[in-house]
Amino acid sequence: MRFSAKFAGALLGLAGMGLLMAPAAAQAAPAVGVDEVVDALGLASEAADYVLLVDTSGSMNTGGRYPEVRKQLRTLLGGLDSDDRVSLLTFDSTVVKRYRGELGTNPDAVLAHLPATATGDHTDIGAAIDGGLAQLESADTHRLAALILITDGVMDTVPNAKYAKVDSASWKKLKSRAANLKTGHELAAYAVSLITTTDAGLLKKVVPEATEVSADEVGSRFARVADDLVHLQAAKALKDELATPITVGLTGDLGAALANGTTVPVRLDVTSPYPHVPFVLSDLVLQPTEGLHLVVTGLPESISLEPGATATATAQVAVTGSAGSTSAVSLTAKVGSPWAKVLEQDLGLTFAPSIEGTAIVPPAPIKIPPTVLPIVGAAVAVLVAALLILLVVRVATTPPMDGVLTFTRSGRDVAEIVLRGRRAKLLVPAGAPELVGLTGLATGSRRGVRLDARFGSARARGLLSDAASLQLGDMTVTYVSGRRRILDKIGLPRTEADGN
C-alpha cells in the first residue's frame, strides 16, 4: 500500500475519537490535484518510521481521553503496512520506550505495551521530544519518518529537569539534532493538542516546519496531513528539477534586418528541461538590449509544453537603432504550470524558472552612398598623386653621396665603408669582424651625410659634415668626402673652406 493512503486512513481515524472536529466541507478540486502530481512522479512505495509520543500524565484520564487515544491508535496502526516500523513512547515525569519494531500483522500486540491507565504526575515535553529523536537517530531508521506528539497538557517537569527551561542550551541542542536528522530523512512532525490550550506547540522550537494542530482545527488539518510524507518525498524529487532554467533558441538574421531596414523571420525553439512538470509560456515579448528597437509580429499568445517536449514558433522582426559588440535579443515571458498550485501550496516549492537564450545582433556595416563613391575615388587619387610627387621631390632633392665612413677604436682603424647613391644601408665590409652587428642607414645631404647607425646597444644619429665624427659606443665614426680624400692624396693643405 502506498504510504500516503495508509497514513491517511490511520490519521483520519482520529476524527472518531470525539476529540477532533469533523473535517470542513471540501472545496472544488483544482484542475490538477496533488494526488495526480504524485502519481505522475511514479514514486515507489517505501516503508516508513512512525514515532508516537503519548502523554500519560494523570490529566489524560479526564473526559476519558486516554482510553480514546488507545482505541484510535488501534485504527492508526491498522492502516499501516506490516513492514512499517513503530516506536511507541509514553511520557509524563519520565519517558519510557514501550515498543520499537516492525508493525507486523498484529497491531494489538504493539498497543499491549501501553500502560492500562495514565497515572503520571508531570508532563515533560522536552524529554519526550528527546526520546523521539533518539529513535529516529537509529542507523536503521527509514528515509520517510513521522514524529507525532499527542498531549493534553502544558509543560510541567520535575524540579531542575533538563528541559525545564525552553530557552536553555538543552532545547537548542534538540533543534540541532533535528536539523542533522533532516539531512538524510524526509521528516513530518505534528504537535497534536487534545484540548484547547496545551504546550504541544513546543515541538516547533525543535522542528520549525512541524504542523501545530490546535483543538479547533485538528479535524480539517488531519484531513490534509494524510499525504504529508509522500508530499515531502515528491517535493524532494522535484526540487532540483525546478531549479533548471528554460532555454530558448532564437535563430534569425537580425544583423541583416538592422543593416537593410528589412523584416526577417526569427525562429523560437523551446525545449522542456523538466522530466515531469508541464509548463506554459504566456505574454511572450522579444526584448532587445539598450540602443535597439524591435517591431515584432506573429508571436503566439502562449506556448504549452508537456514534460520533455519541444515547441517551435516563428515571428517577423524588424530592427532599428544602433548595435554594439554585445547587442542581443532575448525572450521574456510569464511562466505558468497546471501544477503551480500543487507545487507551491501542497509541496512548499517555488515555481519561478528563469528563461535563458539570446540572439546576437551584429553592428550594421558602414555603407557609402553610390553618389559619394566618385568623390571618394577622386580624393583618393589626389592623395596618391600628392604622395608620389612628394616622394619624387624628396628623391630629387637628396644629393648623391661620395665619400667614406671610417670606423676607429682607440686610435686604430677598424674598417671603412664606401658611400654611393643617395641612400645606402650600412653593410659590414668583408674582413671586418669587429663590425659584425652594425646596422643603419646613410643618406646624402648638401652639408655632408646623415647617419643613423646601431652597434649593439649603442646608437649614433646626426649630420656628419666633411671630416666630422660621431661616437658609436667605443668606436668613432668619421666621414670623409671624396674630394677631401683626393686632396689628402696629392698632399694639398686643408683650408678652413675645405672643412666646410
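Source: prediction; values computed, not measured.

Draft legend 1. Just the nonpolar core, in detail. Formed by 48 residues in total, the largest nonpolar core has its most connected members in Leu238, Leu254, Phe279, Val319, Leu343 and Leu347. Top contributing element to this core by residue count: helix α9 (residues 228–242), with 5 residues. What Leu347 contacts, discounting residues up to four positions off in sequence, is Val34, Val37, His231, Ala234, Ala235, Leu238 and Val342.

Draft legend 2. Broad picture of the pairing of strand β16 (residues 401–409). Of all the 9 residues making up β16, 8 are buried; the element is thus mostly covered by neighbouring parts of the structure. With 9 bridges joining them, β16 and strand β17 (residues 412–421) adopt antiparallel strand pairing. Across the sheet, residue Leu405 finds its bridge partner in β17, namely Ile417. Turn length for the β16-β17 hairpin, with the two strands adjacent in sequence and antiparallel, is 2 residues, and the turn residue Ser410 shows positive phi of about 55 degrees. Strand direction decides the pairing type here: β16 and strand β23 (residues 475–481), joined by 6 bridges, are antiparallel. Paired with Thr408 across the two strands is Thr476, which belongs to β23.

Draft legend 3. Representation of the packing of aromatic side chains. Applying the stated criterion across every chain yields a total of 2 aromatic pairs. Between Tyr163 and Trp171 the ring centres are 6.1 Å apart and the planes differ by 85 degrees, which places this aromatic pair in the edge-to-face class. Given a relative accessible area of 4%, Tyr163 falls into the buried group. Ring centres 5.8 Å apart and planes at 80 degrees place the aromatic pair Tyr274 and Phe279 in the edge-to-face group. For Phe279, a relative accessible area of 1% gives the class buried.

Draft legend 4. Region of interest: the packing of helix α2 (residues 34–41) against α9. It is the contact of α2 with α9, at a shortest axis distance of 10 Å, that shows an interaxial angle of 55 degrees. Classified by the angle between their axes, α2 and α9 sit oblique to one another. For the pair α2 and α9, the crossing hand works out as left-handed. Across the interface between the two elements, Val34, Val37, Val38 and Leu41 of α2 pack against Val230, His231, Ala234 and Leu238 of α9. Taken together, the residues of the contact of α2 with α9 break down into 7 nonpolar, 1 polar and no charged.

Draft legend 5. Spotlight on a nonpolar patch on the surface. A cluster of nonpolar side chains, contributed by Val380, Val384 and Leu388, occupies part of the molecular surface with about 250 Å² of accessible area. Along the chain, the position of Leu388 falls in helix α12 (residues 373–397).

Draft legend 6. Geometry of the side chain of Ser57. When you line up the elements, Ser57 lands in the loop between β1 (48–55) and α3 (65–78). Residue class for Ser57 comes out buried when judged on its relative accessible area of 3%. Not counting residues up to four positions away in its chain, the partners in contact with Ser57 are Phe91, Asp92, Ala118, Gly120, His122, Thr123 and Asp152.

About the thresholds
- Residues numbered from 1 in each chain as written.
- Predicted model: local features only at pLDDT ≥ 70, side-chain atom pairs only at ≥ 80, totals over all residues.
- Heavy atoms only, no water.
- Core = buried A, V, L, I, M, F, W, Y, C linked by side-chain atoms within 4.5 Å.
- Buried < 20%, exposed > 50% of the residue type's maximum accessible area, 1.4 Å probe, protein only.
- Helix = DSSP H or I, 4+ residues; strand = E, 2+ residues; numbered from the N terminus.
- Contact = heavy atoms within 4.5 Å.
- Pairing = 2+ DSSP bridges.
- Phe/Tyr/Trp six-rings, centres within 6.5 Å; stacked < 30°, edge-to-face > 60°.
- Axes fitted to C-alpha atoms, helices over the stretch in contact; angles between N-to-C directions.
- Parallel < 35°, antiparallel > 145°, perpendicular 65-115°, else oblique.
- Left-handed = near helix turned anticlockwise from the far one by under 90°.
- Nonpolar A, V, L, I, M, F, W, Y, C, P; charged D, E, K, R; others polar.
- Patch = residues over 30% accessible without salt bridge, like charges linked within 9 Å, V, L, I, M, F, W, Y side chains within 5 Å.
- Areas by Shrake-Rupley, 256 points an atom, 1.4 Å probe, with all protein chains shown as cover.
- Salt bridge = Lys/Arg side-chain N within 4 Å of Asp/Glu carboxyl O.

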